[in-house]
Amino acid sequence: MKDELLLQVQKPSRYVGNELNAVHKDWNKTSIRFALAYPDTYEIGMSNLGLQILYYIVNNQPAPSGVEVPDCLAERVFTPWPDMEQQLQTSNLKLQSLESQKPIHEFDVVGFSLGHELTYTNIITMLKLGGIPVRSAERGENDPLILGGGPCAFNPEPVADFFDLFVIGEAEEVLIEIINTLRNAGCVTRNARLEKLSGIEGVYVPGISKTVKKRFVKSLDPSPYPLSPIVPFIEAIHDRAAVEIMRGCKWGCKFCQAGWTNRPVREKSPEVLLQQADELLKNTGYEELSLISLSSSDYSSIDTLAKTLAQKYEKKKINISLPSMRTNSFSIKLAKEIARVRSGSVTLAPEAGTQRLRDVIGKNMTEENIMEGIKAAFEEHIEAVKLYFMIGLPTETEADLLGICELATKIFNLGRSFSRRARITVNLSTFIPKPHTPFQWERQITIAETLEKQKFIKQNLRVKAIELRWHQAEASFLEGVFSRGDKQLSKVVEKAWELGARFDAWSEHFKFDLWQKAFAECAIDPNNYLKERQKDEPLPWDFIDAGVPKELLLNAANKSSI
Amino acid sequence: MQRIKVQYKKGAEVKFISHRDLMRAFQRAIRRADLPVAYSQGFNPHMKISWGNAIKVGATSDNEFAELQIDGWLKPLELIDRLNRHLPKGLEIIDAFVV
Ligand code: SF4
């Protein structure tokens, strides 16, 4: 990319690559080329573990028999910030990959990671700037295959028209099967290739596949894991080495899509983890090692593992961090023992303000648990507590909202009895009935209701020293529409993009009026998507088998309608 | 205790990286090379390195300086060799001398 261009934009290092461990292959010696695209900024995309795993898998595919050099290549591309988008447009330049600086339309496959519904307009930006027709139906023989995967692919319909295929579930094994299929497909037509790819379990080709079953790796120990991940120059959101200790979560909270779609629970063995941690630290030089999973307290030998690592790397001054631990006296004690740099805050997600509602949503946490954990934190001189709650949960009444205020106040008072500097933050998000959860048939509250509930809590939270924050009501509304939506919505995404919607997950960029206009112009009432669904009504994501039979979700749902 | 001054190159590959980010990349290379750089005391110890002035983002130079405090003793040539094997492309130690 030209220097003059880079000097015009904020954070030019987002666009130059050349980081430690980035893989630079000879473009001309490879024949299966993947662009791994993340529809958000470099800093967000580079914090995504999935991206690093897939990059590693593709770039390390051995050469097929009869071929001398490995034939696969993966390079990265992120959404240019609006200033760069403008630069590219005015200079009539195409969006390029970081490594070879090739326009993305020259790749064979462009694979998008779909982590959040509010990144959908960024996909359009990348396709347009990449010189690739936005709709699958408009693409020709020379265009790459556009692939989608990640959490949002569990309901791909709202963006299905932009994609040629999706991978549902964990991509490690499927990706290799896709590569093998592409190797064998030779120079046959695009349609024939898609036809073949649709035969792979876990692959959904819109228009060809009837149903699709999610894929997952059986065991984490032998599963490929990047031990020389790319180390960004710019501080990524997660700027540290990470070992994945477990996948899945045993709790089954009824609102939690990650919990239901990432089943079964699988642990990586401590031996493998110790070895991976060692390699990772050696190859990256990171000063922090994070043990990650959805719920690390549930890892069988978390205590021994964390302590062994802390001891092993004490001399090297490497900090061991344990996000996603349940806050209780055990985790506080463990954190105290292992952490060199002590975090000044704890996070707790009771989700609902009363025991009744916590029982309804299947959040396995009593007030006693909560207070015990927080007390243990205060005793260790932790002064900041962040609490997370949802509003608009099924069966919620005013009493439950008042419960949020009471619980927060109780925690605040406890904190102040320890320290005058104790700080409590209450974070409110709007409940979104996500596909493939027992709550998928529930309704989502309207924007007006959200604003009203936020106001109600603000009024009843008498202690003004408690900081209250909330998700923008309009953003949650849109997230709900797109997570529950159907094929109709692709034209709204395109329309909103045309009207100027970009980086909708960033509050400074989010312009709800553009979306309202887009819905109106497409004659679609978004509110319909947030209504309650009948239990026997077909749902847009029914054709996806996420591993949990509908009867099981129904059973869990019935248990909650107290 | 020994202090080693290094002269390094900021090449084209990293010319758009900010000074702050380069400092971090340097420190990580020192960790990978396992060099005995001294650390400050306290809760959150950091490497004892003093950095020369930052040059403009977008510019290259082979005349950048930093001074490292070594915990123990290290031959400057060994430092150059070990560090150069671990620095990202575009960063290179050109010279090092005891001060
Ligand atoms: S909310 Fe947390 S504990 Fe509950 S199912 Fe999801 S990941 Fe597990």
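This structure is a prediction, so every number in the text was calculated from the model and none was measured.

K.L.:
Can you walk me through the overall build of chain A in this structure?
P.N.:
Of the regular secondary structure elements, chain A holds 19 helices and 17 strands. For a compact globule of 562 residues, the expected C-alpha radius of gyration is about 24 Å, and chain A comes in at 24 Å, within 12% of that figure. Dimensions of chain A along its principal axes, counting C-alpha atoms only, are 70 × 60 × 50 Å. When each of the 562 residues of chain A is scored for burial, the buried share is 57%. Within chain A, contacts between residues separated by at least 24 positions form 76% of all contacts whose residues are at least 6 apart in sequence. Surface accessibility of chain A: about 23100 Å² in total, with carbon and sulfur atoms responsible for 50%. Between the centroid of the 69 positive side chains of chain A and the centroid of its 73 negative side chains there is a distance of 3 Å.

K.L.:
Just to check I follow, could you spell out the interface of chain A and chain B for this structure?
P.N.:
Accessible area lost when the parts come together is the quantity often used to give the size of an interface. On the side of chain B, 23 residues touch chain A, which itself brings 27 residues to the contact. Of all residues in chain A, Asn18, Phe233 and Lys317 of chain A bury the most surface against chain B, accounting for 27% of the area lost on that side. Taken together, the links from chain A to chain B amount to seven salt bridges. With a closest N to O distance of 3.0 Å, Arg20 of chain B and Glu235 of chain A form a salt bridge. Counting the contacts that link chain A with chain B gives nine residue pairs in polar contact (both at pLDDT 80 or more). Of all elements in the fold, only helix 1 (3-6) and helix 9 (270-284) of chain A reach the threshold of two or more residues within the side of chain A that touches chain B. Here the residues of the side of chain A that touches chain B are counted per class, giving twelve nonpolar, six polar and nine charged.

K.L.:
Is there a simple way to explain the pairing of strand 11 (residues 288-292) of chain A in this structure?
P.N.:
In regular strands, side chains alternate between the two faces of the sheet. Residues and elements named next belong to chain A. With four of its five residues buried, strand 11 lies for the most part within the structure. Note that strand 11 and strand 12 (residues 319-321) share three bridges and pair parallel. Note that in strand 12 the partner of Glu288 across the bridge is Asn319.

K.L.:
Help me understand the sheet that holds strand 3 (residues 61-70) of chain B in this model?
P.N.:
Residue and element names in this part refer to chain B. The strand order across the open sheet formed by four strands is 2-3-1-4, and the pairing between neighbours is antiparallel. Strand pairing shows two members of the sheet lacking a second neighbour, strand 2 (49-51) and strand 4 (91-98), which therefore form its edges. Mean inter-strand twist for the sheet, computed between neighbouring axes without regard to direction, equals 25°. Pairing between strand 1 (residues 2-10) and strand 3: eight bridges, direction antiparallel. Bridge pairing links Ile4 to Leu68 in strand 3. The sheet strands contacting helix 1 (residues 19-33) are strand 1, strand 2, strand 3 and strand 4, and the helix crosses strand 2 at an angle near 150°. Strands strand 1, strand 3 and strand 4 of the sheet are contacted by helix 2 (residues 76-84), whose axis makes an angle of about 165° with strand 4.

K.L.:
Would you mind showing me how to read the pattern of salt bridges here?
P.N.:
Any two side chains of opposite charge can pair, on the condition that their charged atoms come close. Following the criterion strictly, the structure yields 46 salt bridges over all chains and no others. Two residues, Glu287 of chain A and Arg28 of chain B, come together in a salt bridge whose shortest N-O distance is 2.7 Å. Taken together, the residues span two chains, with Glu287 of chain A in the loop between helix 9 and strand 11 and Arg28 of chain B in helix 1. The exposure class assigned to Glu287 of chain A is partly exposed, which follows from its relative accessible area of 24%. On the basis of relative accessibility, which here comes to 3%, the residue Arg28 of chain B falls in the buried class. Glu479 of chain A is the partner of Lys434 of chain A in a salt bridge, and the nearest nitrogen-oxygen pair spans 3.2 Å. Within this pair, whereas Lys434 of chain A is found in the loop between strand 15 (423-430) and helix 15 (447-460), its partner Glu479 of chain A is found in helix 16 (residues 473-484), the two being separated by 45 residues in sequence. A relative accessible area of 13% means that Lys434 of chain A is categorised as buried. Through salt bridges that share partners, Glu235, Asp239 and Glu287 of chain A together with Arg20, Asp21, Arg24 and Arg28 of chain B make up one connected network.

K.L.:
What am I meant to see in the packing of helix 16 of chain A against helix 18 (residues 512-521) of chain A here?
P.N.:
A pair of packed helices can be characterised by two numbers: the angle between their axes and the separation between those axes. Residue and element names in this part refer to chain A. At a closest axis distance of 10 Å, the pairing of helix 16 and helix 18 adopts a crossing angle of 40°. By the criterion of interaxial angle, the relationship of helix 16 to helix 18 is oblique. Considering only the axes of helix 16 and helix 18, their crossing is left-handed. The residues of helix 18 that touch helix 16, namely those facing Glu474, Phe477, Leu478, Val481 and Phe482, are Phe512, Trp515 and Phe519. Split by residue class, the contact of helix 16 with helix 18 holds seven nonpolar, no polar and one charged.

K.L.:
Hey, could you run me through the packing of helix 5 (residues 120-129) of chain A against helix 17 (residues 489-499) of chain A in this one?
P.N.:
Residue and element names in this part refer to chain A. Running from N to C, helix 5 and helix 17 cross one another at 70°; their axes reach a closest spacing of 9 Å. Taken together, the axes of helix 5 and helix 17 are roughly perpendicular relative to one another. Counting all contacts with helix 5, which are made through Tyr120, Thr121, Ile124, Thr125 and Lys128, the residues of helix 17 involved are Val493, Glu494 and Trp497. When the residues that make up the contact of helix 5 with helix 17 are grouped by side-chain class, the tally is four nonpolar, two polar and two charged.

K.L.:
Which parts of the structure should I look at to understand helix 2 of chain B?
P.N.:
An α-helical segment advances 3.6 residues per turn. Residues three or four places apart therefore align on the same side. Residues and elements named next belong to chain B. Three or more residues of helix 2 are buried, namely Pro76, Leu79, Ile80 and Leu83. All buried residues of helix 2 lie within an arc of 100° about the axis, which places them on one face of the element. Close packing links the buried residues of helix 2 with strand 1, helix 1, strand 3 and strand 4.

K.L.:
Teacher, can you tell me more about the sheet that holds strand 8 (residues 241-244) of chain A here?
P.N.:
The strands that make up a sheet pair up through hydrogen bonds in the backbone, lying either parallel or antiparallel. Residues and elements named next belong to chain A. Across the sheet, three strands lie side by side as 8-11-12; this open sheet has parallel pairing. Here the strands that pair on one side only, and so sit at the sheet edges, are strand 8 and strand 12. The average angle at which neighbouring strand axes cross in this sheet is 20°, direction not considered. The sheet strands contacting helix 9 are strand 8 and strand 11, and the helix crosses strand 8 at an angle near 160°.

Calculation notes
Residues numbered from 1 in each chain as written. Chains lettered and ligands numbered in written order. Predicted model: local features only at pLDDT ≥ 70, side-chain atom pairs only at ≥ 80, totals over all residues. Heavy atoms only, no water. Helix = DSSP H or I, 4+ residues; strand = E, 2+ residues; numbered from the N terminus. Rg over C-alpha atoms; globule rule 2.2 N^0.38 Å. Buried < 20%, exposed > 50% of the residue type's maximum accessible area, 1.4 Å probe, protein only. Contact = heavy atoms within 4.5 Å. Areas by Shrake-Rupley, 256 points an atom, 1.4 Å probe, with all protein chains shown as cover. Lys, Arg positive; Asp, Glu negative; His and termini not counted. Charge placed at Lys NZ, Arg CZ, Asp CG, Glu CD. Buried area = accessible area lost by both parts, 1.4 Å probe. Salt bridge = Lys/Arg side-chain N within 4 Å of Asp/Glu carboxyl O. Polar contact = N/O pair within 3.5 Å; in protein donor to acceptor, adjacent residues only side chain to side chain. Nonpolar A, V, L, I, M, F, W, Y, C, P; charged D, E, K, R; others polar. Pairing = 2+ DSSP bridges. Axes fitted to C-alpha atoms, helices over the stretch in contact; angles between N-to-C directions. Parallel < 35°, antiparallel > 145°, perpendicular 65-115°, else oblique. Left-handed = near helix turned anticlockwise from the far one by under 90°. Arc of directions from axis to C-beta.

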